Amino acid sequence: MKDDKLEETTKALVDDGGVNSISLSLFTEVFDAFEEAVVVTDASRRLVYVNSATEQLFGYSKNALYGEEAKILYADENDFSEQGRIRFNTFSKIAAENYRVAYRRSDGEQFFGLTTGAAKCLTESFRA
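None of the values given here were measured: they were computed from a predicted structure.

Caption draft 1: Structural detail: the overall build of the chain. Each helix and strand counted, the chain has five helices and five strands in total. Overall, the chain shows an N-to-C arrangement of helices and strands of α-α-β-β-α-α-α-β-β-β. Every one of the 128 residues in the chain was classed for burial, and the buried ones make up 38%. If you take every contact in the chain between residues at least 6 apart in sequence, the share linking residues at least 24 apart comes to 40%.

Caption draft 2: Structural view of the nonpolar core. In this structure, Phe 58, Leu 73, Tyr 74 and Tyr 103 are the most contacted members of the largest nonpolar core, which totals 24 residues. Elements with a contribution of two residues or more to this core: α2 (24-32), β1 (37-41), β2 (47-50), α3 (52-58) and β3 (97-104).

Caption draft 3: View of the pairing of β3. By the bridge criterion, eight bridges tie β3 to strand β4 (residues 110-117) in an arrangement that is antiparallel. For Glu 97, the partnering residue across the bridge sits in β4 and is Gly 117. Following β3, the chain reverses through five residues before pairing antiparallel with β4; Gly 108 in that reversal takes a positive phi of roughly 95°.

Caption draft 4: How the structure looks around helix α5 (residues 77-86). All of the buried residues along α5 are Phe 80, Gln 83 and Gly 84. In a view along the axis of α5, the buried residues occupy a sector of 100°, so they form one face of it. Relative to its buried face, α5 has exposed residues pointing more than 90 degrees away, namely Asn 78 and Arg 85. On its buried face, α5 sits against β3. N-capping of α5 is provided by Asp 76, with a side-chain oxygen placed 2.7 Å from the backbone N of Asn 78.

Caption draft 5: Structural detail: the environment of Ala 43. Mapped onto the elements of the fold, Ala 43 is located in the loop between β1 and β2. Taking relative accessible area as the criterion, Ala 43 reaches 65% and is therefore assigned exposed. In the structure, Ala 43 is positioned 47 residues away from Thr 90 in sequence and 7.0 Å away in space, judged by C-alpha atoms.

Caption draft 6: Quick peek at the pattern of salt bridges. Taken as a whole and judged by the stated rule, the model has five salt bridges. Between Lys 71 and Glu 69 there is a salt bridge, and its shortest N-O distance comes to 3.4 Å. We classify Lys 71 as partly exposed; its relative accessible area is 31%. A single network of salt bridges, built from pairs that share partners, joins Glu 69, Lys 71 and Glu 77.

Caption draft 7: Seen up close, a nonpolar patch on the surface. On the surface, Leu 26, Val 30 and Phe 34 cluster together to form a nonpolar patch covering roughly 240 Å² of accessible area. Take Phe 34: it is sitting in the loop between α2 and β1. On the basis of relative accessibility, which here comes to 35%, the residue Phe 34 falls in the partly exposed class.

Caption draft 8: Structural view of the side chain of Arg 45. Following the sequence through the fold, Arg 45 ends up in the loop between β1 and β2. A distance of 2.8 Å separates a polar side-chain atom of Arg 45 from the backbone oxygen of Phe 80.

Caption draft 9: The side chain of Asn 51, seen in detail. Tracing the backbone shows Asn 51 in the loop between β2 and α3. For Asn 51, the side chain forms a polar contact with the main-chain oxygen of Phe 31, separated by 2.9 Å. Discounting chain neighbours no more than four positions away, the residues touching Asn 51 are Phe 31, Asp 32, Phe 34, Glu 36, Ala 37, Val 38 and Lys 62.

Parameters at a glance
Residues numbered from 1 in each chain as written. Predicted model: local features only at pLDDT ≥ 70, side-chain atom pairs only at ≥ 80, totals over all residues. Heavy atoms only, no water. Helix = DSSP H or I, 4+ residues; strand = E, 2+ residues; numbered from the N terminus. Buried < 20%, exposed > 50% of the residue type's maximum accessible area, 1.4 Å probe, protein only. Contact = heavy atoms within 4.5 Å. Core = buried A, V, L, I, M, F, W, Y, C linked by side-chain atoms within 4.5 Å. Pairing = 2+ DSSP bridges. Arc of directions from axis to C-beta. Polar contact = N/O pair within 3.5 Å; in protein donor to acceptor, adjacent residues only side chain to side chain. Salt bridge = Lys/Arg side-chain N within 4 Å of Asp/Glu carboxyl O. Patch = residues over 30% accessible without salt bridge, like charges linked within 9 Å, V, L, I, M, F, W, Y side chains within 5 Å. Areas by Shrake-Rupley, 256 points an atom, 1.4 Å probe, with all protein chains shown as cover.

By themselves these figures say nothing about function.
What follows is the structure in structure tokens.
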């Protein structure tokens, strides 16, 4: 089933190879070089890409995260819902901005992270 999620991830990140498409290998190479955790979700807020820094920060493997709702990363489900209402939805007009929220690692440890994100920017980056 995780292989299906990886295939869906690939489809979500690259389109038909047209002028506006991005190579998955280039996309991965660029974001894996970031020291900050980078998360890309689909319109349903399911994780379709995470970089290596995300794996290190949260303690999950990429394959464990792909296809999961982003709420797996939040310490409080209410924060996940609130951020979805405010910015991570198709109707949001909010540009990328910084905010702090509590996150949870795979071992249950919580931490505050500075997050930059918006629905239109396609990515979120986190710093502990």
